[in-house]
Structure formats: structure tokens, C-alpha cells
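Structural overview
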Amino acid sequence: MEVLLLYFLFVNIIVFVLAGYDKYQAKKNKRRIPENTLFFMEAIGGTIGLLLAMLLFRHKTSKTSFIIKFTLIFLIQIILVYLKMTHKV
């Protein structure tokens, strides 16, 4: 269980830093972190880190397509956790 918690902590810190760096790069008009990278990090457990970065840095919050994709990944995660907890997966 401790390993799993450390994994989630690590992934969330990484995606938080990546999103913050992406926002920094956006302000400087420099090369950005691909959205697919941020979505991948969210999908493997970085939802909280990405959400916090979005709120704290006001990053990608006005981009509707990003919000929709973020929400879909989050909903899929909720469904998977529910199914796992009810022993249906």
C-alpha cells in the first residue's frame, strides 16, 4: 500500500511540475509540453496534480477541449475505481 501511495505522490508531483512549466513556457512563447503528455500523466494517476496545477496556475482552464478531455479521463477513473471496489473488475 505504501508503494502505491508513493507512486501516486510521485506522478502527481511530476504532472504538477510539468503543467507549471508548460504555463511558464506559454508565457514566454516557447516550446510547450504536448497536451497528450499531460493527459497521459493524468491517466496514470496524476489527476489531482493536474487539477491543482490548472487551478493554481490558471492553466488550460479556458480551453474547452482540454477541460472536456480532462473530465472524460477523470470520469473513466471514477468508474474504474467503483468497479474495482465492487469487485466487478
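So, here's what we can say about the structure. (Residues numbered from 1 in each chain as written. Predicted model: local features only at pLDDT ≥ 70, side-chain atom pairs only at ≥ 80, totals over all residues. Heavy atoms only, no water.)

Side note on the packing of aromatic side chains
The final tally for this structure, using the stated rule, is three aromatic pairs. Centre to centre, the rings of Phe16 and Phe57 are 5.2 Å apart; their planes meet at 40°, and the pair counts as tilted. Placement of the pair is Phe16 in helix H1 (residues 2–27) and Phe57 in helix H2 (residues 35–57), with a sequence separation of 41 residues. We classify Phe16 as partly exposed; its relative accessible area is 25%. When its relative accessible area of 27% is taken as the criterion, Phe57 is described as partly exposed. (Phe/Tyr/Trp six-rings, centres within 6.5 Å; stacked < 30°, edge-to-face > 60°. Helix = DSSP H or I, 4+ residues; strand = E, 2+ residues; numbered from the N terminus. Buried < 20%, exposed > 50% of the residue type's maximum accessible area, 1.4 Å probe, protein only.)

As for H2
With 23 residues, H2 ought to run about 33 Å at 1.5 Å a step, yet its terminal C-alpha atoms sit only 16 Å apart, falling short of that. At Gly46, H2 shows its largest bend, some 130°. Backbone geometry just after H2 places Arg58 at a positive phi near 50°. (Expected span 1.5 Å × (residues − 1). Bend = angle between axes of the 7 residues up to and from the residue.)

With respect to the pattern of salt bridges
Side-chain pairs of opposite charge can arise where the charged atoms are in close proximity. Tallied over the entire structure, the rule returns three salt bridges. The shortest N-O distance in the salt bridge between Arg32 and Asp22 comes to 2.9 Å. Of this pair, Arg32 sits in the loop between H1 and H2 while Asp22 is found in helix H1, placing the two residues ten residues apart along the sequence. Relative accessible area serves as the criterion here: at 37%, Arg32 is assigned to the partly exposed category. Glu35 is paired through a salt bridge with Lys60; the nearest N and O atoms lie 3.0 Å apart. Taken together, the positions of Glu35 in helix H2 and Lys60 in the loop between H2 and helix H3 (64–85) put the pair 25 residues apart, joining distant regions of the chain. For Glu35, a relative accessible area of 16% corresponds to the buried category. (Salt bridge = Lys/Arg side-chain N within 4 Å of Asp/Glu carboxyl O.)

Overview of H1
Taking 1.5 Å as the rise per residue, H1 with 26 residues should run 38 Å; its terminal C-alpha atoms sit 38 Å apart, in good agreement. Within H1, the full set of buried residues consists of Val11, Asn12, Val15, Ala19, Gly20, Asp22 and Gln25. Summarising the contacts, the buried residues of H1 are in contact with H2. Where H1 ends, the next residue or the one after it, Asn29, has phi of about 55°, a positive value. (Contact = heavy atoms within 4.5 Å.)

Topic: the environment of Thr86
Here Thr86 is to be found in the segment after H3. Given a relative accessible area of 31%, Thr86 falls into the partly exposed group. At 3.0 Å, the side chain of Thr86 and the backbone oxygen of Tyr82 are in polar contact. (Polar contact = N/O pair within 3.5 Å; in protein donor to acceptor, adjacent residues only side chain to side chain.)

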